[in-house]
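Topology and contacts: notes
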Amino acid sequence: MSGEITLSNITKVFNQGTQDEVHALNGVDFTIPAGSFVSLIGPSGCGKTTLLRCIAGLETPTSGQVSVDGKTVTKPGSDRGFAFQQANLFPWLTIRDNIAFGLRARHVYKKNKADVDEFINLVGLKGFEKSYPHQLSGGMNQRASLARALVGHPDILLLDEPLGALDAFTRMTMQDEIIRLWKEHNTTMVMVTHDVDEAVYLSDYVVVMSPRPAKVEKILKVDLSHPRARGQDVFLKYRTQILEILNYAGKVQEVEYAI
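Notes on the structure in this doc start here. In this text, all values refer to a predicted model and were calculated from it rather than measured experimentally. (Residues numbered from 1 in each chain as written. Predicted model: local features only at pLDDT ≥ 70, side-chain atom pairs only at ≥ 80, totals over all residues. Heavy atoms only, no water.)

1. Looking at the packing of aromatic side chains
On inspection of all chains with the given rule, the structure shows 4 aromatic pairs. With centroids separated by 5.4 Å and ring planes inclined at 80°, the aromatic side chains of Phe 37 and Trp 182 adopt a geometry described as edge-to-face. In this pair, Phe 37 sits in strand S3 (residues 37-41) while Trp 182 sits in helix H5 (residues 168-185), placing the two residues 145 residues apart along the sequence. Across the pair, exposure class does not vary: Phe 37 and Trp 182 are buried alike. Ring pairing ties together the aromatic residues Phe 90, Trp 92 and Phe 101, which thus form one cluster. Lys 12 extends its terminal NZ or CZ atom over the ring of Phe 14, reaching a point 5.1 Å from the ring centre. Between Arg 230 and the ring centre of Tyr 201, over which it is positioned, the NZ or CZ distance is 3.7 Å. (Phe/Tyr/Trp six-rings, centres within 6.5 Å; stacked < 30°, edge-to-face > 60°. Helix = DSSP H or I, 4+ residues; strand = E, 2+ residues; numbered from the N terminus. Buried < 20%, exposed > 50% of the residue type's maximum accessible area, 1.4 Å probe, protein only. Lys NZ or Arg CZ within 6 Å of the ring centre and 35° of its normal.)

Following this line, the structure appears as structure tokens:
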């Protein structure tokens, strides 16, 4: 199986040597097994998206190395799909043409035309192929964005808070959609999220990161089968453990009242 990601002592410094120097990543070092689902969670601005962009080849580490299946990542590639927080669909293209855009850009559309129809069906958009993004809901647009990222059959799908803009019920529906697509295609999934419940619900491993410059505080293996019940005791234990690592668990204090 393809799609193993190795992060070897990754550091990233923006504007190095200037007054505006920002240390984003500090010695990030771990391996993501092929076919696994990994969530990156940590304080806002800690460097999670920067790490995701290094895996994508959109950023170059200041030091260290990102490799996929033993090959050093130096630029973006068709083996890595990327889904952003906003759907980022082209408003002047139909849903079908949006999903097919990457295939056309790589001049492989004719060869893989059937895949477009397959993924339209997989994400539940059959019947909406000729619609434009403004005619559909946020959840439907996000489904189209996922289909666009997956239609090229990447070994790895990188998700940068793809569900962050959705309402709670649509978000839960889309979480189940992502699990289904992941299981059907054995894609390595790496997702940035701020939602602890989402991380536990989806992931094989949750990588908890420190405040910037980010380093790995702990890698938590979530030993639960899918589908997962958000209310079961063991689910809540994982949730509490992550919150404790992030120092957000809190403790109930007794309060004295005087009348």
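2. Concerning helix H4 (residues 138-150)
The end-to-end C-alpha distance of H4 is 18 Å, a good match for the 18 Å that 13 residues give at a rise of 1.5 Å each. Most of H4 sits out of view: 11 of its 13 residues are buried. Those residues of H4 lying buried are Gly 139, Met 140, Asn 141, Gln 142, Arg 143, Ala 144, Ser 145, Leu 146, Ala 147, Ala 149 and Leu 150. The inward-facing, buried residues of H4 contact strand S6 (80-83), helix H2 (95-105), helix H3 (109-122), strand S7 (156-160) and H5. (Expected span 1.5 Å × (residues − 1). Contact = heavy atoms within 4.5 Å.)

3. Some words on the pairing of strand S10 (residues 216-221)
Bridging between strand S9 (residues 205-209) and S10 involves 5 bridges; their strand directions are antiparallel. What sits directly across from Val 208, in S10, is Lys 218. (Pairing = 2+ DSSP bridges.)

4. Structural notes on the sheet that holds strand S2 (residues 22-32)
Strand order in the open sheet formed by 4 strands is S2-S1-S4-S5, with antiparallel pairing between adjacent strands. Lying at the two open borders of the sheet, with one neighbouring strand each, are S2 and strand S5 (71-72). Taken together, the 5 bridges between strand S1 (residues 5-14) and strand S4 (residues 63-68) define a ladder with antiparallel strand orientation. Its bridge partner being in S4, Ser 8 is matched across the sheet by Gln 65.

5. Observations concerning the pattern of salt bridges
Following the criterion strictly, the structure yields 11 salt bridges and no others. The partner of Glu 59 in a salt bridge is Arg 53, with the nearest N and O atoms 3.5 Å apart. With a closest N to O distance of 2.9 Å, Glu 198 and Arg 171 form a salt bridge. Taken together, the residues Glu 198 in helix H6 (residues 196-202) and Arg 171 in helix H5 connect sequence positions 27 residues apart. Residue classification places Glu 198 among the buried positions, given a relative accessible area of 2%. Linked by salt bridges that have partners in common, Lys 12, Arg 53 and Glu 59 make up one network. (Salt bridge = Lys/Arg side-chain N within 4 Å of Asp/Glu carboxyl O.)

6. So, the sheet that holds S3
What the 6 strands build is an open sheet, ordered S6-S7-S8-S3-S9-S10; its pairing is mixed. Since the sheet does not close on itself, it has two edges, and those belong to S6 and S10, each with one partner. In this sheet, adjacent strand axes meet at a mean angle of 15° when their direction is disregarded. (Axes fitted to C-alpha atoms, helices over the stretch in contact; angles between N-to-C directions.)

7. Considerations on the packing of H2 against H3
Packed helices, taken two at a time, are described by their axes: the angle between them and the distance between them. Relative to each other, H2 and H3 sit at 145°, their axes nearing to 10 Å. As for how H2 packs across H3, the hand of that crossing is right-handed. Side by side, H2 and H3 meet where Arg 96, Ile 99, Ala 100, Leu 103 and Arg 104 of the first sit next to Tyr 109, Asn 112, Lys 113, Val 116, Asp 117 and Ile 120 of the second. For the contact of H2 with H3, the residue count by class is 6 nonpolar, 1 polar and 4 charged. (Left-handed = near helix turned anticlockwise from the far one by under 90°. Nonpolar A, V, L, I, M, F, W, Y, C, P; charged D, E, K, R; others polar.)

8. As for the environment of Val 234
Its location among the elements puts Val 234 in helix H7 (residues 233-245). Exposure remark for Val 234: the relative accessible area of 30% places this residue in the partly exposed category. Measuring from C-alpha to C-alpha, the distance between Val 234 and Asn 15 comes to 44 Å, with 219 residues separating the pair along the chain.

9. Focus: the nonpolar core
The biggest cluster of nonpolar side chains holds 50 residues, and the ones touching the most others in it are Ile 99, Val 116, Val 206 and Ile 242. Not counting residues up to four positions away in its chain, the partners in contact with Ile 99 are Val 116, Ile 120, Ala 144, Ala 147, Arg 148 and Val 151. Grouped together as the second largest cluster of nonpolar side chains are 27 residues, Leu 52, Val 190, Met 209 and Ala 214 included. (Core = buried A, V, L, I, M, F, W, Y, C linked by side-chain atoms within 4.5 Å.)

Note that every value here comes from positions in space, so none of it alone points to a role or purpose.
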